[in-house]
Amino acid sequence: MIPSVYLLGTADTKFAELDYLRSVLTGRGVGSHIVDVGTREDPCAADITARQVAACHPDGAAAVFCGERGRAIAAMSEALRRFLPGRADLAGVIAIGGSGGTALVAPALQDLPIGLPKILVSTVASGNVAPYVGESDLSMVYSVVDLQGLNRISRTILANAANAMAGMVLHPAPHDAGTRPAVGITMFGVTTPCVTEAMHILTGDFECLVFHATGTGGRSMERLVRQGMIGGVLDITTTEFCDFVAGGIFPCEAGRLDAVAATGVPYVGSCGGLDMVNFGARDTVPDRYRDRVFVQHNPFITLMRTTAEECGQMGRLIGARLNRCHGPVRFYYPEKGFSQLDRPGQPFHDPAADAAFRDALASTLEQTDRRRFISLPLALNDPAFAQAMVTEFRTLFEESHPYAPH
C-alpha cells in the first residue's frame, strides 16, 4: 500500500484549501487523501467521506449526524480518533480548521504515535495551544488569515505546511529501536546539576529521556511509561505538584504517578523544585500571594516560595499516590535543600517548610520492603545525592529486569 498523507478538514467549506494542499504534495511526489470531517451528510468531492469517518463512532454515523452542532462535533471527533489508527497507508496528517475544526481534530492527532508527522493549520494557533497539542509532537501553524478561500496569504501558509509535510514523509528520521533500556528523568533549571550527574552515571547503560517539568513534561513521560517505551522513572523534579496545589502555570494533572502505579515500573523520586510555584510575569501573580517571597526567574516567569502548609499538602498528596504503586518505590529526601534556590543564603531557603513536606510524606507513605522513604544529609544538587539515587535505581531496575545491564 502506497503511503499517503491524510488531509483533514470540513470539505463542505474548505475543499479549496484541502485541494490546494493536495496539489502541493502531488508536486512533491507525495500521495494524499482528502478526508471530510464535516458534520453534515451533504455529498462532496472528498476521497473519504464524512459518513465513512462517522461510521467509526461506537454508536454509528447517526451519533454524528444528529442535527445539534455541539454534539455532532464531539461525536465526529470521537469517530476520527477511531478512524485514523486503522489506516495502513497513513504516512502523515495535515489538518486545517477554525476554532471548531481545531477542537474536532486535535484529540485524534494527539492520539497518533509520536514521530508520525502531524501538522495543524489553525486560526487559533497564536494563542494558548496547550489543549490542542497536549503531550504529543503535533506542530501547529497559525493561518494568519481565516481559512475561508484561497488568497496570497493562505496559499503561502498552506504551501509551507504541505512542503514541510513532504519533507518529513520523503525523508523520515532513521529508525532507532535502541538497545539500551529507557529511563524517564524529570528536570527543571534549578535541578540541572542533579540530573546532569545522574545522566553521566546512567548513560552508558540506559537511554536517558529527560522531561522538562512543566506539567506537559510529566504527562509526556507518563504517556511513554504507559506505552511501554520507558522502563523506569527517576523523578528527580516533582515541582509540578507545587503548581497543582497553589494554582501555578505548570501544574501536573490529578493523575500524576498513575502510569507508574498502573505499570509497576521501578520508581525513584525526590523533592526537586518543591520549593517553588511558577507564575507568569510579576503582574500576573494572584493578589492573594502579594506578601510571599518571590524570585524573578526571567521577564516571563516569576517563582514563589512554597509555604509549610503547601509543602505539607504536597507531602500527603505524593505519599498517597505512591501508596498506590505496586512496583518498587524509593523516595529520597534532601535535608539541605530542594533546589539551587533552597540552599543556605539563597532566597528560598526555608528549612521549616521543607521539614513540613518531609513529615507529611513520612507519615502518609506506607513503607514496606518495596516502598521506602530515605532521608540524606545532602542538598538535592550535591553530586553524592544524585549518585545515591542512581545506585538505588540501578538496583531496583536490575531486580525488576533480570537481564538488565550491570
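A. Fine view of the overall build of the chain. If you tally the helices and strands in the chain, you get 13 helices and 14 strands. With 406 residues in all, the chain has 52% of them scored as buried. Of the roughly 17500 Å² of accessible surface on the chain, a fraction of 53% belongs to carbon and sulfur atoms. Taking the average location of the 34 positive side-chain charges in the chain and that of its 42 negative ones, the two points are 2 Å from each other.

B. Looking closely at the layout of surface pockets. Considered as a void within the structure, the second largest pocket measures approximately 270 Å³ in volume. Thr 10, Gly 38, Thr 39, Arg 69 and Ile 73 are, among the 16 residues lining the second largest pocket, the residues nearest its centre. Residue assignment for the lining of the second largest pocket shows that the elements contributing at least two residues are α1 (11-27), α3 (69-83), β3 (90-97) and α4 (99-111). Taken together, the residues that form the lining of the second largest pocket break down as four nonpolar, eight polar and four charged.

C. Molecular detail of the packing of aromatic side chains. By the definition in use, this model includes ten aromatic pairs. Between the aromatic rings of Phe 279 and Tyr 289, the centroid separation amounts to 5.7 Å while the plane-to-plane angle is 45°, which identifies the pairing as tilted. Of this pair, Phe 279 sits in strand β10 (residues 276-279) while Tyr 289 sits in the loop between β10 and β11 (294-298), and the two are ten residues apart along the sequence. Note on Phe 279: relative accessible area 3%, which makes it buried. Considering the side-chain rings of Phe 338 and Phe 357, the 6.1 Å spacing of their centres and the 75° angle between planes classify their relative orientation as edge-to-face. Here Phe 338 is found in the loop between β13 (329-334) and α12 (351-364), whereas its partner Phe 357 is found in helix α12, with 19 residues between them in sequence. A residue is classified by how much of its surface remains accessible, and Phe 338, at 0% relative accessible area, is buried. An aromatic cluster is defined as three or more aromatic residues linked by ring pairs; in this entry it consists of Phe 331, Tyr 333, Phe 338, Phe 357 and Phe 373. One Lys or Arg, Arg 321, reaches over the ring of Phe 244 and ends 5.5 Å from the middle of that ring.

D. Just helix α7 (residues 192-202), in detail. The set of residues buried in α7 consists of Cys 194, Val 195, Ala 198 and Leu 202. An end-on view of α7 places all buried positions within 95° of arc, on one side of the element.

E. Up close: unusual backbone geometry. A positive phi is found at Val 144, a non-glycine position, where the angle reads about 65°. By the element assignment, Val 144 lies in the loop between β5 (139-142) and α6 (152-170). Even without being glycine, Leu 257 reaches a positive phi, approximately 85°. With respect to the helices and strands, the residue Leu 257 is situated in the loop between α9 (240-246) and α10 (258-263). A residue is classified by how much of its surface remains accessible, and Leu 257, at 1% relative accessible area, is buried.

F. Region of interest: the sheet that holds strand β8 (residues 232-235). The strand order across the open sheet formed by six strands is β7-β6-β8-β9-β13-β14, and the pairing between neighbours is parallel. Of all strands in the sheet, those bounded by a partner on one side alone are β7 (207-212) and β14 (371-376). For this sheet the average axis-to-axis angle between neighbouring strands, irrespective of direction, equals 15°. Running over the sheet, α7 touches β6 (182-187), β7 and β8 and is turned about 165° from β6. Across the sheet, helix α8 (residues 216-226) is in contact with β6, β7 and β8; its angle to β7 comes to roughly 145°.

G. Representation of the pairing of β14 within the structure. Both β13 and β14 contribute to a ladder of six bridges, which runs parallel. Its bridge partner being in β14, Val 329 is matched across the sheet by Arg 371. In this fold, the crossover linking β13 to β14 by way of α12 has right-handed handedness.

H. Up close: the pattern of salt bridges. Applying the stated criterion across every chain yields a total of 20 salt bridges. In this structure, the salt-bridge partner of Arg 324 is Asp 258, at a minimum N-O distance of 2.7 Å. You can see Arg 324 sitting in the loop between α11 (308-322) and β13 and its partner Asp 258 sitting in helix α10, a full 66 residues away along the chain. Glu 310 is the partner of Arg 292 in a salt bridge, and the nearest nitrogen-oxygen pair spans 2.7 Å. Of this pair, Arg 292 sits in the loop between β10 and β11 while Glu 310 sits in helix α11, and the two are 18 residues apart along the sequence. Overlapping salt bridges bring together Glu 78, Arg 81, Arg 82 and Asp 111 as one network.

I. How the structure looks around the sheet that holds strand β2 (residues 31-36). Read from one edge of the open sheet, five strands run β2-β1-β3-β4-β5, paired in parallel fashion. Every other strand in the sheet has two partners, leaving β2 and β5 as the edge strands with one partner each. When strand polarity is set aside, the average angle formed by the axes of neighbouring strands in this sheet is 20°. Bridge count between strand β4 (residues 118-122) and β5: four bridges; the pairing is parallel. Among the inter-strand pairings, Leu 120 is bridged to a residue of β5, identified as Met 140.

Thresholds, definitions, all that
Residues numbered from 1 in each chain as written. Predicted model: local features only at pLDDT ≥ 70, side-chain atom pairs only at ≥ 80, totals over all residues. Heavy atoms only, no water. Helix = DSSP H or I, 4+ residues; strand = E, 2+ residues; numbered from the N terminus. Buried < 20%, exposed > 50% of the residue type's maximum accessible area, 1.4 Å probe, protein only. Areas by Shrake-Rupley, 256 points an atom, 1.4 Å probe, with all protein chains shown as cover. Lys, Arg positive; Asp, Glu negative; His and termini not counted. Charge placed at Lys NZ, Arg CZ, Asp CG, Glu CD. 1 Å grid on protein atoms, 1.4 Å probe; cavity = no way out; pocket = protein on both sides within 12 Å on 5 of 7 lines; lining within 4 Å. Points joined across faces, edges and corners; volume = space filled by probe spheres on them. Nonpolar A, V, L, I, M, F, W, Y, C, P; charged D, E, K, R; others polar. Phe/Tyr/Trp six-rings, centres within 6.5 Å; stacked < 30°, edge-to-face > 60°. Lys NZ or Arg CZ within 6 Å of the ring centre and 35° of its normal. Arc of directions from axis to C-beta. Pairing = 2+ DSSP bridges. Axes fitted to C-alpha atoms, helices over the stretch in contact; angles between N-to-C directions. Contact = heavy atoms within 4.5 Å. Right-handed = clockwise from strand over helix to strand, strands pointing away. Salt bridge = Lys/Arg side-chain N within 4 Å of Asp/Glu carboxyl O.

Fair warning: the whole summary comes from geometry, so function is off the table for now.
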